[in-house]
Amino acid sequence: MVASFLITDSARIIRQLVDKNMRLLGLTRAQWYLLNYAYLYDGLSQQELANLIDLGKSNIASQIHSLVAKGWLRREPHETDGRSFRVYLPTEMRATIRKLNKVAELSLRNVLKRVDQDDVNRLIELMRHIDQQLELEIRKDSSIK
């Protein structure tokens, strides 16, 4: 099989496992992604987040509104574009996001415990490298810089 198929199919299965656990915590996939992107790239615009998560404008606004209402995110007017907002993760939520990511990690524990830890570490390193290269490739044609 080709690498792109295996990566895509593995990601699909992982999403299903993680989704199941996040639903138990009351989060949708989009909300979990939003929180993680806010954790990694605090201060992105709603449009930038929509592009990253591959959601439409109204859907991203709805998801952000829901998380703001829960106190998990905050929105502030964009400093140069009065029609736009930037999204921030409140400082007190950073520990919560780390806990959510542990839940996501535990979703794979049964599978990964049957794989040599050195192989898992190499896989993580390789996936980070591939992710960085893919991000560079996609940003060539994207508004997110």
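See above for the structure.
Residues numbered from 1 in each chain as written. Predicted model: local features only at pLDDT ≥ 70, side-chain atom pairs only at ≥ 80, totals over all residues. Heavy atoms only, no water.

Observations regarding helix α3 (residues 46–53)
Side chains of residues three or four places apart in an α-helix project in the same direction, reflecting 3.6 residues per turn. Inclusion rule: Residue burial is assigned from relative accessible area. The probe radius is 1.4 Å, only protein chains are included, and a residue is buried under 20% of its type maximum, exposed over 50%, and partly exposed in between. Only DSSP runs of H or I reaching four residues or more are called helices, and only runs of E reaching two or more are called strands; each is numbered from the N terminus. What makes two residues a contact is simply this: any of their non-hydrogen atoms within 4.5 Å.
Those residues of α3 that sit buried are Gln46, Glu48, Leu49, Ala50 and Ile53. Contacts made by the buried residues of α3 are with α2 (29–40), β1 (44–45), α4 (57–69), β2 (74–77) and β3 (85–88). Directly beyond the C-terminal end of α3, a positive phi value near 65 degrees is found at aspartate 54.

Things to note about the pattern of salt bridges
Cut-off, in case you're wondering: Any Lys or Arg side-chain nitrogen located within 4 Å of an Asp or Glu carboxyl oxygen qualifies as a salt bridge.
Summed over the entire model, instances satisfying the criterion amount to seven salt bridges. A salt bridge links aspartate 19 to arginine 29, with the nearest nitrogen and oxygen atoms 2.4 Å apart. Of the two residues, aspartate 19 sits in helix α1 (residues 3–24) while arginine 29 sits in helix α2, which places them ten residues apart along the sequence. Put simply, arginine 74 and glutamate 76 hold a salt bridge, and the shortest N to O gap is 2.8 Å. Taking relative accessible area as the criterion, arginine 74 reaches 34% and is therefore assigned partly exposed. When salt bridges that share partners are traced, they join Glu48, Glu79 and Arg86 into one network.

Looking at the sheet that holds β2
Rules: A pair of strands counts as paired when DSSP detects no fewer than two bridges linking them.
The strand order across the open sheet built from three strands is β1-β3-β2, with neighbouring strands paired in antiparallel fashion. The open sheet is flanked by β1 and β2, the only strands paired with a single partner.

Section: the packing of α3 against α4
Rule in force here: Here the axes come from fitting lines to C-alpha atoms, over the contacting stretch only for helices, and the angles between their N-to-C directions go from 0 to 180 degrees. Roughly parallel means an angle under 35 degrees; roughly antiparallel means over 145; roughly perpendicular covers 65 to 115; every other angle is labelled oblique. Put simply, Ala, Val, Leu, Ile, Met, Phe, Trp, Tyr, Cys and Pro go in the nonpolar bin, Asp, Glu, Lys and Arg in the charged bin, and everything else, Gly too, in the polar bin.
Running from N to C, α3 and α4 cross one another at 105 degrees; their axes reach a closest spacing of 9 Å. One way to sum up the angle between α3 and α4 is to call them roughly perpendicular. Counting all contacts with α3, which are made through Gln46, Gln47, Leu49, Ala50 and Ile53, the residues of α4 involved are Lys57, Ile60, Ala61 and Ile64. The residue inventory of the contact of α3 with α4, partitioned by class, reads six nonpolar, two polar and one charged.

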